[in-house]
Each structure stands twice: as structure tokens, then as C-alpha cells.
Amino acid sequence: MRGQFTGWPEQAMDVLWQLQGEPTHAIRELYRADRERLVRQPMIALLNEVADTDPRYEDFSVWHYRTGSWWWQHQGAVIRLGRKIEIGLRFALDGLRIQGAWWYPDPGQVDMFRKAVASEGSGRELSAIVEDVRKKGYDISGDVMKRPPRGFPTDHPRTNLLRHRSLIAARPLGCEEWLHTPEAVDRVLSAAADLDALLMWLVRHVKRAA
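Quick caveat: nothing in here was measured; it's all calculated off a predicted structure.

Caption draft 1: View of the sheet that holds strand β2 (residues 75-82). Here six strands make up an open sheet; going across it, the order is β1-β2-β3-β4-β6-β5 and the pairing antiparallel. Since the sheet does not close on itself, it has two edges, and those belong to β1 (60-62) and β5 (139-141), each with one partner. For this sheet the average axis-to-axis angle between neighbouring strands, irrespective of direction, equals 15 degrees. Across seven bridges, β2 lies against strand β3 (residues 85-92) in antiparallel orientation. Paired with G76 across the strands is R90, a residue of β3.

Caption draft 2: Representation of the layout of surface pockets within the structure. Considered as a void within the structure, the largest pocket measures approximately 480 Å³ in volume. In this structure, the largest pocket is lined by 23 residues; those nearest its centre are W63, V78, E86, Q99 and W103. No other element matches β2, which puts six residues into the lining of the largest pocket. Each residue belonging to the lining of the largest pocket can be placed in one class, and the counts come to 10 nonpolar, six polar and seven charged. The computed volume of the second largest pocket comes to approximately 230 Å³. Forming the walls of the second largest pocket are 13 residues, and the residues nearest its centre are S127, V130, R134, N160 and L161. Residue assignment for the lining of the second largest pocket shows that the elements contributing at least two residues are α5 (120-135) and α6 (159-162). For the lining of the second largest pocket, the residue count by class is five nonpolar, five polar and three charged.

Caption draft 3: Region of interest: the nonpolar core. By size, the foremost hydrophobic cluster in this structure holds 59 residues, and its most contacted members are L46 and F91. Per-element tally for this core: the top contributor is helix α7 (residues 183-206), with 14 residues. Not counting residues up to four positions away in its chain, the partners in contact with L46 are F5, W8, L89, A184, V185 and V188.

Caption draft 4: Structural view of the pattern of salt bridges. Applying the stated rule across the entire model yields 17 salt bridges. Notably, a salt bridge pairs D106 with R83, separated by 2.6 Å at the nearest N-O pair. Taken together, the residues span a long stretch of sequence, with D106 in the loop between β4 (95-102) and α4 (109-118) and R83 in the loop between β2 and β3 at a distance of 23 residues. On the accessibility criterion, D106 (16% relative accessible area) is buried. R124 is the partner of E120 in a salt bridge, and the nearest nitrogen-oxygen pair spans 2.7 Å. Residue E120 and its partner R124 are located together in helix α5, separated by four residues, close to a single helical turn.

Caption draft 5: Quick look at the environment of A118. Within the fold, A118 resides in helix α4. Measuring from C-alpha to C-alpha, the distance between A118 and F152 comes to 8.3 Å, with 34 residues separating the pair along the chain. With residues up to four places along the chain from it excluded, the contact list for A118 reads F152, H156, R158 and L162.

Here is what the cut-offs are and how they apply
- Residues numbered from 1 in each chain as written.
- Predicted model: local features only at pLDDT ≥ 70, side-chain atom pairs only at ≥ 80, totals over all residues.
- Heavy atoms only, no water.
- Pairing = 2+ DSSP bridges.
- Helix = DSSP H or I, 4+ residues; strand = E, 2+ residues; numbered from the N terminus.
- Axes fitted to C-alpha atoms, helices over the stretch in contact; angles between N-to-C directions.
- 1 Å grid on protein atoms, 1.4 Å probe; cavity = no way out; pocket = protein on both sides within 12 Å on 5 of 7 lines; lining within 4 Å.
- Points joined across faces, edges and corners; volume = space filled by probe spheres on them.
- Nonpolar A, V, L, I, M, F, W, Y, C, P; charged D, E, K, R; others polar.
- Core = buried A, V, L, I, M, F, W, Y, C linked by side-chain atoms within 4.5 Å.
- Buried < 20%, exposed > 50% of the residue type's maximum accessible area, 1.4 Å probe, protein only.
- Contact = heavy atoms within 4.5 Å.
- Salt bridge = Lys/Arg side-chain N within 4 Å of Asp/Glu carboxyl O.

Here it is in C-alpha cells:
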């Protein structure tokens, strides 16, 4: 049901500003309630609205603060689409950031990924998907080996993808006025659509460990 998310209040930025650097325990406790109300709760509302648009988005988590100062300065959330395959969101002073990621793989998942990349059909498909995502402004990264893995020719046409032990596509969504309005939901959904082909390829080919 649309309407529960109204945007991050402008005061959310004031709270995050107060938590910059290495805030003391006393400072964190002073701003804990405001951070929960102005920063974390809006992220929960946004994720609930995103989940209402597609049942694939219903498994999500919005992180708490933990002990490190970074976690107080950045509000993270993930939508799980498969085993170690997810959409990640991060709200901070520099705005909202999104990524689609397969990372921290289970044993066997890297072998499944390489097998699918080496196969002509699925490998060509992934190569085209990655190039399309890159053209849409996403940075492609991950845990990348310096050399192709053993068992694959060094001149394989998709050697760059074969070197990946994780695969991440990420970009900032911005820090404009829409962050403080319901429009942020549509911005997230649009970016999720950008990442859909990549994430669904990963779900099909590396969702379960061997």
C-alpha cells in the first residue's frame, strides 16, 4: 500500500551531521532516538513500500547501528533475492546509494558462476547484461583475481568475468530534494529495474551452492 513513506525529513541530515567523525558514546546516546525516528524508520517505510510492489522484494532487513561509528553515519538495508544475492541501499549525508550484489559466496557458488560464464549461452548473456548496466552509470566491481582461474584458457573471450569471485553493480542515486519526498520510492524502483536482469541471471545460475 503506497503512502506510508513520505521521504527522509530534512532534519535527518542534521542528525547524521552531528554523528560525523568519531562520536563519543555520550553523543551517540544523545542522538539515538532522533536517528531512529528520522533516519532508520523512514528506511523501513521505504522498504515496505518497495516490497508491496513485487513479492520478490519482501525479504528485507534494515540494519541497526552496531558499535562502529560508520554504522551510525550510514543507514543500510538489503533486499534478499537469492542466497548471497541482494539489492543494497545506503542512506548517508551524500544521499542514497544502491547496489546489486552477489558477494561473500557460499562454497561452490564461485564454481557455479564460472561454469555459467564459460558456457556460450549464459556467458554471452551475462556479458551483455553487465555492459548494459555499465552504460546506465553503474560501477562494476567485486572480488577479482589478478589472473584467470585454473582450468580456463587465458584468452577466453570472457576472461574478465571469469576472474570475479563476487560481482557488484553500484551507483549513487543522488542527494536532491526528492530524498525528502515520496518520489524516493520511484527512484529506488527504477534503479531496481536497471539491476533486475543482472540479479535474475545470478539467481538462476548461482542461487544455491553446489
